Amino acid sequence: MKQFVMLLCFAAACIGNTDIPVDIGILYSDEDPIADIAIRHMEVRFKLFTNYSINTHVVNVKDMGSCTVENIVCDIIEKGIYGIIGPPSEPTNLIVQSVSEKLELPQLQTFWNPAMNDADNRTQILNLYPDANMLGKAWATLIKEMRWRSYVLLYEDDESLLQAQEILKFRREAADDFPIMIRKLLPDSDQSTLLKEIKVSKQIHVILVCRSDRILDILKQAETINMFEDYRSYVLMSLDAHTIDISGLKNNSANITTLRMISTNKNSVRNVIRDWEFMEEQFQRPTKIDPETIKRPLTSGILSDLLTGTIEFDGFGRRKNFKLQILDFYNGRYRHTGDWSSEDPDHIKPLATPSNDTVYITDMNLQKGIIVRVAAKEGEPYVMSTYNNDTGQIEFEGYAVDLIDEISKLLKFSYEFYLVPDKKYGNYDPKIKNWNGLIREIIDRRAHLAICDLTITHERGRAVDFSMPFMTLGISILYSKATRKMPGLFAFTDPLSQDIWLCMATAYLIMSIIIYITARLTPSEWENPHPCDNNPQELENIWTFKNSFWLTLGSIMAQGCDILPKGLSTRMITSMWWFFSLIITASYTANLAAFLTNERMGPTIESYEDLAKQSLIKYGCVEGGATATFFRDSNVSTFQKMWRTMASTEPRVFQASNKDGVKKVKTSKRMYAFLMESSQIEYERERDCELTQVGSWLDTKGYGIAMPIILKSMHAECNEKYIDIMR
Ligand code: GLU
């Protein structure tokens with residue numbers, strides 16, 4: 001504007017006579033009811049500040065075809081104009097712009113024009129509207145800072161979709177490729193089918209990109225189907241949205257955010273509004289306006305402090321270096337909650353001190369007496385449910401229940417507890433591109449808070465907010481202690497297998513019989529029973545069955561025997577048996593010693609490295625929990641290896657809950673180790689002496705209370721109160 005005004009001043013100066021007015025052409029559309037006042041206001045102000053007067057050639061180009069517009073432009077050019085302001089929209093602009101380019105006539109545009117990006121050498125064209133790219137960035141930064149992980153984009157036409165392209169670009173660049181829904185507004189004014197579809201889809205964030213005059217109607221329709229409850233959020237993507245009176249919307253607990261360029265708090269803006277009101281009054285009067293009367297209210301304005309801030313253009317006529325205010329609508333009016341500046345386009349500066357004005361939605365809930373819904377996952381000792389026979393109700397107890405109870409007393413809210421239906425902590429499923437468990441309950445706003453042994457993780461922190469940690473812990477290994485077994489009655493047979501025992505028994509029988517037969521056949525074993533009788537009638541043989549069996553038994557027991565064979569053949573056979581007995585006895589003794597030592601030691605692990613190195617002892621963790629995520633996402637090679645082993649082991653080593661994990665450790669005879677959080681291990685160890693913790697912590701983290709990202713004030717308050725409670 002400044003440059004344009006300078007151009008006009010220059011033209012006026014060239015004329016050199018303040019009495020001769022500067023001619024300018026103004027193309028407007030009578031859709032804009034205040035255009036008339038704005039033009040008159042400009043005339044008066046120009047005269048006031050430059051001492052030159054302007055002579056405006058005003059044409060309403062509404063619904064005109066390009067040929068007519070071209071003729072009109074040519075007509076007013078012939079009248080000797082120094083520049084053109086307008087037209088107010090794209091379709092008629094094309095022809096005006098091409099004429100102005102050809103004749104090198106300055107043109108001042110006032111609408112969103114992304115084509116300015118290609119405007120090389122069009123130095124005579126200036127666009128007052130903020131640069132399309134930069135403005136797009138401002139909206140994208142707003143969505144980014146609001147940490148919306150999914151939303152519905154409702155757009156009006158191709159141009160509005162183009163306006164939202166920076167937002168869509170940001171989503172494409174985001175690491176987790178979150179789900180969004182893009183819908184075009186229906187051509188007629190009834191949007192109820194579309195809004196119902198959004199309601200059913202459970203999307204709670206809506207970005208509305210349309211003309212500002214359509215916004216109220218769409219919001220009213222959303223209101224009739226109850227789309228303004230708590231936690232729903234709307235971003236109205238129009239710089240004029242703040243001028244719409246939405247205070248009439250009933251049951252509005254939703255958060256409505258928009259950006260604006262003109263701050264109604266500025267004195268200069270107030271002055272202009274007052275001037276306009278005054279002029280409007282004057283125009284409505286049938287009497288002629290007295291220029292002096294108009295001059296008097298208008299002298300208070302300051303040109304440098306322009307309505308939309310300082311105006312600067314780059315070499316292509318695009319408006320640069322502009323500032324926007326972030327407005328949040330709640331409690332019946334818009335509040336200025338932050339600032340965006342094109343100097344730092346990727347950040348929003350929140351207002352430094354939250355005043356009484358910055359009342360967040362939870363405080364409103366508390367004031368309205370809404371019951372806070374607290375979701376939990378059952379698990380000892382944090383949340384345990386019991387059935388009360390007297391009341392017929394399920395009651396909850398445990399550490400987390402007590403904690404939330406204390407917080408509710410301090411913050412004075414009533415709450416109701418419920419268990420998460422899918423019994424999961426909360427894990428991001430890339431297939432459905434959504435969360436499950438407690439985190440999903442918070443995201444879908446079914447719960448205001450989620451509490452249990454819920455670990456604060458970086459990944460979850462992007463979807464929900466966490467309170468300060470109320471417990472610090474780390475991953476460790478739960479294992480069962482080595483226990484001494486009472487030996488069985490036949491434990492002495494353990495060193496040799498059953499087959500060996502059977503073979504030995506058979507060998508014993510056969511050898512005894514062989515010795516018996518051989519001793520009977522060999523003459524050396526036949527002796528004179530009466531040594532004094534040189535010619536005995538009968539000879540005697542001591543190798544009866546009984547003695548043969550006794551000899552073999554005595555030798556295998558390493559005890560020897562008081563009767564021994566004398567014949568060569570029997571001695572040879574006996575020696576062979578002795579040799580066999582020697583080997584067997586030595587093996588048995590050796591085996592027995594090894595067996596006993598082995599039993600005492602058992603398989604053992606002392607750290608996670610030991611676990612990773614071996615394959616005999618299986619190990620696992622809670623499925624879809626923070627521990628599983630830790631191993632899955634770790635960069636440490638040992639943890640990666642452990643994750644691969646866990647994921648590929650059959651039968652599956654993952655458990656549905658800590659309770660199942662503990663049960664598995666106890667029943668697996670030291671063949672299963674459970675990777676579990678240390679606080680839980682401590683709790684289990686205190687209750688069962690068979691269990692032990694192996695090694696130290698693999699990481700350090702904490703449990704926290706999860707809440708929707710919007711609950712900023714409660715978050716801060718919760719933390720403060722929590723510190724009090726812990727004291
Ligand atoms: N506390 C974990 C979580 O919040 C669950 C248990 C585990 O993963 O060890 O996911």
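Residues numbered from 1 in each chain as written. Predicted model: local features only at pLDDT ≥ 70, side-chain atom pairs only at ≥ 80, totals over all residues. Heavy atoms only, no water.

Under an unreviewed UniProt entry, the name given to the protein chain is Ionotropic glutamate receptor, and the organism recorded is Holotrichia oblita.

Draft legend 1. Summary view of the nonpolar core. Ile-451, Leu-454, Phe-631 and Leu-675 are the most contacted members of the largest nonpolar core, which totals 68 residues. Per element, the largest residue contribution to this core is 6 residues, and it comes from helix α13 (residues 399-411). Residue contacts for Leu-454: discarding those within four places in its chain leaves Tyr-425, Leu-438, Ile-439, Arg-460, Phe-466, Gly-702, Tyr-703, Gly-704 and Ala-706. Within the second largest apolar cluster, 31 residues are counted, among which are Tyr-155, Phe-170, Val-209 and Leu-239. (Core = buried A, V, L, I, M, F, W, Y, C linked by side-chain atoms within 4.5 Å. Buried < 20%, exposed > 50% of the residue type's maximum accessible area, 1.4 Å probe, protein only. Helix = DSSP H or I, 4+ residues; strand = E, 2+ residues; numbered from the N terminus. Contact = heavy atoms within 4.5 Å.)

Draft legend 2. Quick look at a negative patch on the surface. Residues Glu-145, Glu-312, Glu-343, Asp-344 and Asp-346 make up a contiguous surface patch of negative charge. Considering the arrangement of structural elements, one finds Glu-343 in the loop between β14 (333-341) and β15 (349-350). Glu-343 gets classed as exposed once you look at its relative accessible area, which sits at 64%. (Patch = residues over 30% accessible without salt bridge, like charges linked within 9 Å, V, L, I, M, F, W, Y side chains within 5 Å. Areas by Shrake-Rupley, 256 points an atom, 1.4 Å probe, with all protein chains shown as cover. Salt bridge = Lys/Arg side-chain N within 4 Å of Asp/Glu carboxyl O. Lys, Arg positive; Asp, Glu negative; His and termini not counted. Charge placed at Lys NZ, Arg CZ, Asp CG, Glu CD.)

Draft legend 3. Seen up close, the site of the ligand. The ligand sits among Tyr-425, Asp-453, Leu-454, Thr-455, Arg-460, Gly-625, Ala-626, Thr-627, Glu-677 and Tyr-703. Asp-453 is positioned with one of its backbone polar atoms (N or O) 2.7 Å from a nitrogen atom of the ligand. With respect to the ligand, the side chain of Glu-677 contributes an N or O atom lying 2.8 Å from a nitrogen atom. The residue inventory of the shell around the ligand, partitioned by class, reads 4 nonpolar, 3 polar and 3 charged. (Near = heavy atom within 4 Å. Polar contact = N/O pair within 3.5 Å; in protein donor to acceptor, adjacent residues only side chain to side chain. Nonpolar A, V, L, I, M, F, W, Y, C, P; charged D, E, K, R; others polar.)

Draft legend 4. Structural view of the environment of Leu-539. With respect to the helices, strands and loops of the structure, Leu-539 is situated in the loop between β26 (526-527) and β27 (540-541). Residues Leu-539 and Asn-528, spaced 11 residues apart in sequence, show a C-alpha to C-alpha distance of 5.0 Å. Apart from residues lying up to four places away in sequence, Leu-539 is in contact with Trp-526, Glu-527, Asn-528 and Pro-529.

Draft legend 5. Just a nonpolar patch on the surface, in detail. There is a patch of nonpolar side chains on the surface, built from Ile-513, Ile-517, Leu-521 and Phe-545 and spanning about 400 Å² of accessible area. Per-element tally for the nonpolar patch: the top contributor is helix α16 (residues 498-521), with 3 residues. Summarising the element assignment, Ile-517 is placed in helix α16.

Draft legend 6. Examining the pairing of strand β29 (residues 672-677) more closely. Summarising burial for β29: 6 of the 6 residues are buried, a large majority. Burial along β29 is two-sided: Tyr-672, Phe-674 and Met-676 facing one way and Ala-673, Leu-675 and Glu-677 facing the other are all buried. Bridge count for strand β28 (residues 618-620) against β29 is 3 bridges, and the pairing is parallel. Within β29, the position partnered with Lys-618 by the bridge is Tyr-672. (Pairing = 2+ DSSP bridges.)

Draft legend 7. Structural view of the sheet that holds strand β5 (residues 125-127). The sheet built from 5 strands is open, its strands ordered β2-β1-β3-β4-β5 with parallel pairing. Unpaired on one side and paired on the other, β2 (54-60) and β5 mark the two borders of the sheet. Across 7 bridges, the pairing between strand β1 (residues 22-28) and β2 is parallel. When the bridges of β2 are listed, Ile-24 appears paired with Thr-56. Those strands touched by helix α4 (residues 90-103) are β1, β3 (84-85), β4 (107-109) and β5, and its axis lies near 150° from that of β4. (Axes fitted to C-alpha atoms, helices over the stretch in contact; angles between N-to-C directions.)

Draft legend 8. Representation of helix α3 (residues 66-78). Here α3 spans 18 Å end to end across 13 residues, near enough to the 18 Å set by a 1.5 Å rise per residue. The elements touched by buried residues of α3 are β1, β2, β3 and α4. (Expected span 1.5 Å × (residues − 1).)

Draft legend 9. Broad picture of unusual backbone geometry. In this model, Gly-86 is joined to Pro-87 through a cis peptide bond whose omega is 0°. Look at the link from Glu-380 to Pro-381: it is a cis peptide, with omega at -5°. With respect to the element layout, Pro-381 can be found in the loop between β16 (372-376) and β17 (384-388). We note that Arg-670 has phi near 60°; this positive angle belongs to a residue other than glycine. As for its position among the elements, Arg-670 is in the loop between α22 (658-667) and β29. By relative accessible area, Arg-670 is classed as buried at 12%.

Draft legend 10. Representation of the environment of Tyr-399 within the structure. As for its position among the elements, Tyr-399 is in helix α13. Sequence spacing of Tyr-399 and Met-384 is 15 residues, and the spatial spacing of their C-alpha atoms is 9.1 Å.

Draft legend 11. Expanded view of the packing of aromatic side chains. For the structure on display, the rule yields 23 aromatic pairs. Judged by centre distance (6.1 Å) and plane angle (80°), the ring pair of Tyr-382 and Tyr-399 falls under edge-to-face. You can see Tyr-382 sitting in the loop between β16 and β17 and its partner Tyr-399 sitting in helix α13, a full 17 residues away along the chain. For Tyr-399, a relative accessible area of 29% corresponds to the partly exposed category. Considering the side-chain rings of Tyr-508 and Phe-549, the 5.7 Å spacing of their centres and the 75° angle between planes classify their relative orientation as edge-to-face. Here Phe-549 lies in helix α17 (residues 545-556) and Tyr-508 lies in helix α16, a separation of 41 residues in the sequence. Directly above the aromatic system of Tyr-672 lies the positively charged group of Lys-664, at a separation of 5.5 Å from the ring centroid. (Phe/Tyr/Trp six-rings, centres within 6.5 Å; stacked < 30°, edge-to-face > 60°. Lys NZ or Arg CZ within 6 Å of the ring centre and 35° of its normal.)

Draft legend 12. Representation of the sheet that holds β29. Read from one edge of the open sheet, 4 strands run β28-β29-β25-β30, paired in mixed fashion. Where the open sheet ends on each side, the last strands, each with one partner, are β28 and β30 (691-694). Each neighbouring strand pair of the sheet contributes to a mean axis angle of 30°, computed without reference to strand direction. Packed on one face of the sheet, helix α23 (residues 678-687) meets β25 (475-480), β29 and β30 and runs near 120° to β29.

Draft legend 13. Representation of the side chain of Asp-23. Residue position: Asp-23 is located in strand β1. As a buried residue without a salt bridge, Asp-23 has its nearest oppositely charged side chain in Lys-79, at a separation of 8.3 Å. At a separation of 2.5 Å, a polar atom in the side chain of Asp-23 contacts the side chain of His-57. Filtering out sequence-adjacent residues up to four positions away, Asp-23 remains in contact with Asn-55, His-57, Lys-79, Gly-80, Ile-81, Tyr-82 and Gly-83.

Draft legend 14. Main features of the pairing of β17. Note that β17 and strand β18 (residues 393-397) share 5 bridges and pair antiparallel. Within the sheet, the bridge partner assigned to Ser-385 lies in β18 and is Phe-396. Here β17 folds back onto β18, and the loop between the two strands holds 4 residues, one of which, Gly-392, carries a positive phi near 70°.

Draft legend 15. Quick peek at the packing of α3 against α4. Orientation of α3 relative to α4, taken along the N-to-C sense of each, is 35°, at an axis distance of 9 Å. Crossing of α3 over α4 shows right-handed handedness. Across the interface between the two elements, Ser-66, Val-69, Glu-70, Val-73 and Ile-77 from α3 touch Thr-92, Ile-95, Val-96, Val-99 and Leu-103 from α4. Class assignment for the residues of the contact of α3 with α4 results in 7 nonpolar, 2 polar and 1 charged. (Left-handed = near helix turned anticlockwise from the far one by under 90°.)

Draft legend 16. Up close: helix α7 (residues 165-173). Taken together, the buried positions of α7 are Glu-166, Ile-167, Leu-168, Phe-170 and Arg-171. Where α7 is buried, its residues contact α5 (132-145), β6 (151-155), α6 (158-163), β7 (180-184) and β8 (205-209).

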